Amino acid sequence: HIQSVHDSCMFICKCSLLLAAAVLTLATIPRAPCFLGVKPLVAARLRPLQKSSIDCRFKMTTPLPHIVIVGAGGVGSWLYASIADACRQNPALARVTLVARGAALARVREHGLEYFVRAPPMPASEAAFANDGTATLTIGPQDVCADVNCAALKEKGDLADFVILCVKTWQVADAAKDAACILRAGSGCIVTTQNGIDAPTEAAAASDGESSVLAGIVQVIAFREDPAEGPLRCVRLGAPSPKSITLGECVWGGAGFESQRVLLLRDILKSSGVEVPVPEEGNVKRELWRKAAMMCCMGPMSAVTRADIHTMLRTPSTRAMLMAAMEEVCALSACFPGCYVGDGRAQQTMDYLERIKPGSTPSTVRDVVCGRPSEMRQMSGAMHRLGIEQKIATPVHSFIAAALEPQEALARGEHEYSLQGVPGGKPSV
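Keep in mind that what you see is a predicted model, and the values were worked out from it rather than measured.

1. Examining the sheet that holds strand β7 (residues 162-165)
Working definition: the strands of a sheet are paired by backbone hydrogen bonds and lie parallel or antiparallel to each other.
Part 1 of the argument: Read across the open sheet, the seven strands follow the order β6-β3-β2-β7-β8-β9-β12; overall the sheet is mixed. Whereas interior strands pair on both sides, the edge strands pair on one side only; in this sheet they are β6 (146-147) and β12 (243-249).
Part 2 of the argument: Looking at chain direction, strand β2 (residues 66-70) and strand β3 (residues 95-99) are connected through five bridges and run parallel. Following the sheet pairing, Ile67 is matched in β3 by Val96.
Part 3 of the argument: Against the sheet, helix α6 (residues 172-179) touches β7 and β8 (189-192), its axis set at about 165° to β7.
Part 4 of the argument: Where helix α9 (residues 284-305) meets the sheet, its contacts fall on β9 (213-220) and β12, and the angle it forms with β9 comes to roughly 35°.

Below you can see the structure in the form of structure tokens.
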């Protein structure tokens, strides 16, 4: 009887060990199944300790990575100045080239680029968070590497490992098509940085598919502030304003797994003073939707009301409308596997916006008020279209998309109209 009990105990112990081994094995497999209680979050905690957590499909072999920044606006100038300065201090870090057009290209070639970090105005109670201070960085014309487009780089045989698109959302497809010709075979990739959720898909369609695209989620307040003459000037607001890019592969969603090229670009950006958070559970697509819950609502709402963010929040009717727009985006995110932004995201975003100072405006309202093409179609317009496809009601975004469409078409030169009795006959300043 005692021997029988002993044998039974040994059998149970062996089964427990086998079960534990099976659980640990499953935890190391991408997209681990959820039976036996093994969930991606558990696997994500284990994988950083294992070499297998680095995916080798996009192995980087170039001795000196080449980064091409396309677009010399606020974000593009900030990234170029930051990386160029880091490369100037450490030439073995990488090479970086700025692709710009027209007057911007002429000025940066002739006079270089100035980059300012300006401490934002804030109450004394928040001054302790401003650890960035105010700084000035100058990249002289002799240190600037700039060209007119990616085709010009191809003619020189100058391939790129990373092409970071810092253009407006409606320019992504053309920019990606231009960039595809200089991507290094097997590992070169396009990095999107735009608002909305369509940029990675559009870049993939215009290049070699999802395997050639990294999704980037940029959090920064940066803008061009050019004087009448002299260097190209970029301003970034310092802390507590963010200065980060979240990176991730679009080709697969294995929680905790990262490619070598993501790790390489993250290291280069960190060495350049840019913060690079790791996506929660390795899910960059969810992070795109989380940003969309703010940017695809705040910008269009500001444009249709012609009000700054602070005023929208202080006006009960527009505050309620903004909250409803955010809830529509959150509801749409639940229609796509792995993209749901989580319960309470709309309220969390509203709480974040409460800290924004009076007068602060998204670029969307500035573009609309000034009569320039805006990102409205890729923000509220995209949410309206997705709502129809997914059979989710989006009354706020549908209204904004319809209300702003006539002026958007006018700004893009798609049709003309004038307003009698209005100076200049235009709906913009």
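Continuing now.
2. A few points about the pairing of β9
Side chains on a regular strand alternate between the two faces of the sheet.
Part 1 of the argument: Burial runs high along β9: seven of the eight residues are buried.
Part 2 of the argument: Taken together, the seven bridges between β9 and β12 define a ladder with antiparallel strand orientation. Bridge pairing in β12 links Ala215 to Gly248.

3. Regarding the environment of Asp178
Part 1 of the argument: Position of Asp178 among the secondary structure elements: in helix α6.
Part 2 of the argument: Once residues lying within four places of it in the same chain are set aside, the contact partners of Asp178 are Asn149, Cys150 and Ala151.

4. Examining unusual backbone geometry
As a rule of thumb, non-glycine residues mostly have phi less than zero, and peptide bonds are mostly trans rather than cis.
Part 1 of the argument: Positioned with a positive phi, Arg306 is a non-glycine residue whose angle comes to about 55°.
Part 2 of the argument: According to the relative accessible area criterion, Arg306 is partly exposed, its value standing at 40%.
Part 3 of the argument: Positive phi outside glycine occurs at Lys391, with the angle close to 60°.
Part 4 of the argument: For Lys391, the location among the structural elements is in the loop between α14 (380-390) and α15 (395-411).
Part 5 of the argument: The exposure class of Lys391 is exposed, given its relative accessible area of 75%.

5. Brief notes about the side chain of Asp147
Part 1 of the argument: Residue placement: Asp147 occurs in strand β6.
Part 2 of the argument: For Asp147, a relative accessible area of 6% gives the class buried.
Part 3 of the argument: Here Asp147 is in contact with Thr97, Leu98, Val99, Ala100, Leu105, Arg109, Ala152, Leu153 and Lys156, once residues within four sequence places are set aside.

6. So, the state of the cysteines
Part 1 of the argument: All told, the structure shown has zero disulfides when counted by the stated rule.
Part 2 of the argument: Cysteine Cys150 remains unbridged, with the sulfur of Cys181 as its closest cysteine sulfur at 5.9 Å.
Part 3 of the argument: Given the relative accessible area of 1%, Cys150 is considered buried.

Reading the values: rules and limits
Residues numbered from 1 in each chain as written. Predicted model: local features only at pLDDT ≥ 70, side-chain atom pairs only at ≥ 80, totals over all residues. Heavy atoms only, no water. Pairing = 2+ DSSP bridges. Helix = DSSP H or I, 4+ residues; strand = E, 2+ residues; numbered from the N terminus. Contact = heavy atoms within 4.5 Å. Axes fitted to C-alpha atoms, helices over the stretch in contact; angles between N-to-C directions. Buried < 20%, exposed > 50% of the residue type's maximum accessible area, 1.4 Å probe, protein only. Disulfide = S-S within 2.5 Å.

Geometry only, nothing functional implied.
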